[in-house]
Structure formats: structure tokens, C-alpha cells
Amino acid sequence: MQEPGDVMSTPSELVRQPRLSDQVAVKLRDMIYEGRMRPGDALPSERELCDHFSVSRTVIREAVKTLTAKSLITAVPGSGLIVGTTTIEDVAEIFDLYFRGEPSLRYLDLHDVRYSLEPAICALAAEHAQDEDVAGLFALCDELEKLTESDLVDASRNDAMFHRNIAVASQNSYYVILLDALGRSLLDTRVATFSMDPRRLSTVVAAHRKVAEAIAAHDAEAAANAMREHLGEVVETWKRWSPPE
């Protein structure tokens, strides 16, 4: 016969069931992700949701509150609750807040992401770029060439736009979204590297022209290699002037 103490001597893990409101929030989230409710669609009434999920108004309100905090549901004055729309600016802000609040993130890790993405973007841009895309890249090179050491923030914005326009020229919107999402952190690092050595302005102009020329020639391999060279110079500048991470 097993003693009561023997029963308690064997560890047992309890599985805590999610709250009803959390379960409802997950169901609603899945409906949005699966496209059954589209951005801008009005949410069913509170009564309809109660009937659909067989729960109380309190549960529905808690579930909606959870999804509202995540911007999946938005309250619109005069229209009630609708399925939220998320812009690339929203995504960029989330990335920026995360990067700024996470001290373990290193610039060199961000560089690794750029080095894996941007040569491929350049190669694709060389294949798909239109005349207006190429003209825009050379115009940015001309603009950057006119800036001076007192214009480092403007130079950094120009630099960011050059790289973004290459992504646009690739005709792959995912690349544009990725660069936009990283944009604010990349802008900070651009200002930093220009500040480390303002003479880099002429170096960057030359590097950008080499990339633009390869894209204009529709030479995917040359475009990718030119971007690798450019990013290599950027990271070497960082390593030379910044304290060890």
C-alpha cells in the first residue's frame, strides 16, 4: 500500500490553462492572420462575439484589450472597433525601440545582416532597374558629392536613400520593407561612421557611383561585388575608430 508521503515525493508538473480572454484573443488573432478579417474590416459586435465564443462580455472586452495593445484591433471614433492596419513606419518604430532597449545588440551584428542582404539586393536591382531608377541613383551620388563635413546628417540621409532606392529598383517589396524596418538604426550608424572620419564622404561617393554604374550596366555580379566592397570599407572604418564592442 502506497503511503501519502510517497505520492507527494514524485514531482508532478501542472499545466495552467490559458485564461478564456487569452484563448479568445488567439482565436481572433488567427482569424486576422488567416485573412478571414481584413485590415479595415469592422469587428463583429460585442454581442455577436459573445454568442460566437460562448463567453461573457468581460471576456470579450479583455480579449479586445489585448489585441488593441498589439495594434491588431483599432478603435475608430464613430466607427467602433476595426481590424488594425500596420504600416512600415510602425514596424520600423518597433525595431528601433527594441534595438535601443537591448544593450546586447552589436553594430557588427547589424553589419552582418546588411552584408548578407544588400549584395543580393544590388544583383536583383541590376536585373530589374528601370532608367528612372538608375537616374535617381546617380542624382543621389551628385547630391552627396556637394555635401561637406558640416552636413553629416544630410549625408547620412542621402546614404540611406541611396541604399533604399536600390531595394526599390530590385522590384522586390520585401527588401524595401526590411531596409525600412532597419532604417532608423542604420541612420544612427551612418552618422557615427561619417563622424568618425568626415573625409569618408568622398570615399562613399566613389563607392556609390561604382554600385550605380554596375546597376546601370545591368551587371548583377559587378553590382553585388561593388556593394560588398562598399560595406567592407564601412565596417573597417567602424572597427578602426570605435571602441571594442
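Let me sum up the structure you'll find in this document.

Some points on the overall build of the chain
Reasoning step 1: The helix and strand inventory of the chain stands at eleven helices and two strands.
Reasoning step 2: Reading the chain from its N terminus to its C terminus gives the helix and strand order α-α-α-α-β-β-α-α-α-α-α-α-α.
Reasoning step 3: Taken across its 245 residues, the chain has 37% of its residues classed as buried.
Reasoning step 4: Partitioning the intrachain contacts of the chain with sequence separation of at least 6 by distance along the chain shows that 74% fall at a separation of at least 24.
Reasoning step 5: Of the roughly 14,700 Å² of accessible surface on the chain, 55% is carried by carbon and sulfur atoms.

Some details on the pairing of strand β1 (residues 73–76)
Reasoning step 1: When β1 meets strand β2 (residues 80–83), the two strands line up antiparallel, connected through four bridges. The residue of β2 that forms the bridge with V76 is G80.
Reasoning step 2: Between β1 and β2, which pair antiparallel and follow one another directly, the connecting turn spans three residues, one of which, G78, has a positive phi of 85 degrees.

Some words on the nonpolar core
For soluble globular proteins, nonpolar side chains are generally found buried alongside one another.
Reasoning step 1: Core analysis: the largest hydrophobic core is formed by 25 residues, its most contacted members being I121, F162, I166, V211 and I215.
Reasoning step 2: Elements supplying a minimum of two residues to this core: α6 (107–128), α7 (131–146), α8 (152–169), α9 (173–196), α10 (200–216) and α11 (220–241).
Reasoning step 3: Counting residues per element, this core draws most heavily on α6, which supplies five residues.
Reasoning step 4: Excluding residues that lie within four positions of it along the chain, V211 makes contacts with C122, F162, I166, A226 and M227.
Reasoning step 5: Counting 19 residues, the second largest nonpolar core, distinct from the first, contains L28, C50, V59 and L67.

A short note on the packing of helix α3 (residues 46–53) against helix α4 (residues 57–69)
Reasoning step 1: In contact at an axis separation of 9 Å, α3 and α4 are set at 105 degrees when each is read in the N-to-C sense. One way to sum up the angle between α3 and α4 is to call them roughly perpendicular. Taken together, the residues of α4 that come into contact with α3 (itself represented by E46, R47, L49, C50 and F53) are R57, I60 and R61.
Reasoning step 2: Of the residues assigned to the contact of α3 with α4, the class counts are four nonpolar, no polar and four charged.

What counts, and where the lines are drawn
Residues numbered from 1 in each chain as written. Predicted model: local features only at pLDDT ≥ 70, side-chain atom pairs only at ≥ 80, totals over all residues. Heavy atoms only, no water. Helix = DSSP H or I, 4+ residues; strand = E, 2+ residues; numbered from the N terminus. Buried < 20%, exposed > 50% of the residue type's maximum accessible area, 1.4 Å probe, protein only. Contact = heavy atoms within 4.5 Å. Areas by Shrake-Rupley, 256 points an atom, 1.4 Å probe, with all protein chains shown as cover. Pairing = 2+ DSSP bridges. Core = buried A, V, L, I, M, F, W, Y, C linked by side-chain atoms within 4.5 Å. Axes fitted to C-alpha atoms, helices over the stretch in contact; angles between N-to-C directions. Parallel < 35°, antiparallel > 145°, perpendicular 65-115°, else oblique. Nonpolar A, V, L, I, M, F, W, Y, C, P; charged D, E, K, R; others polar.

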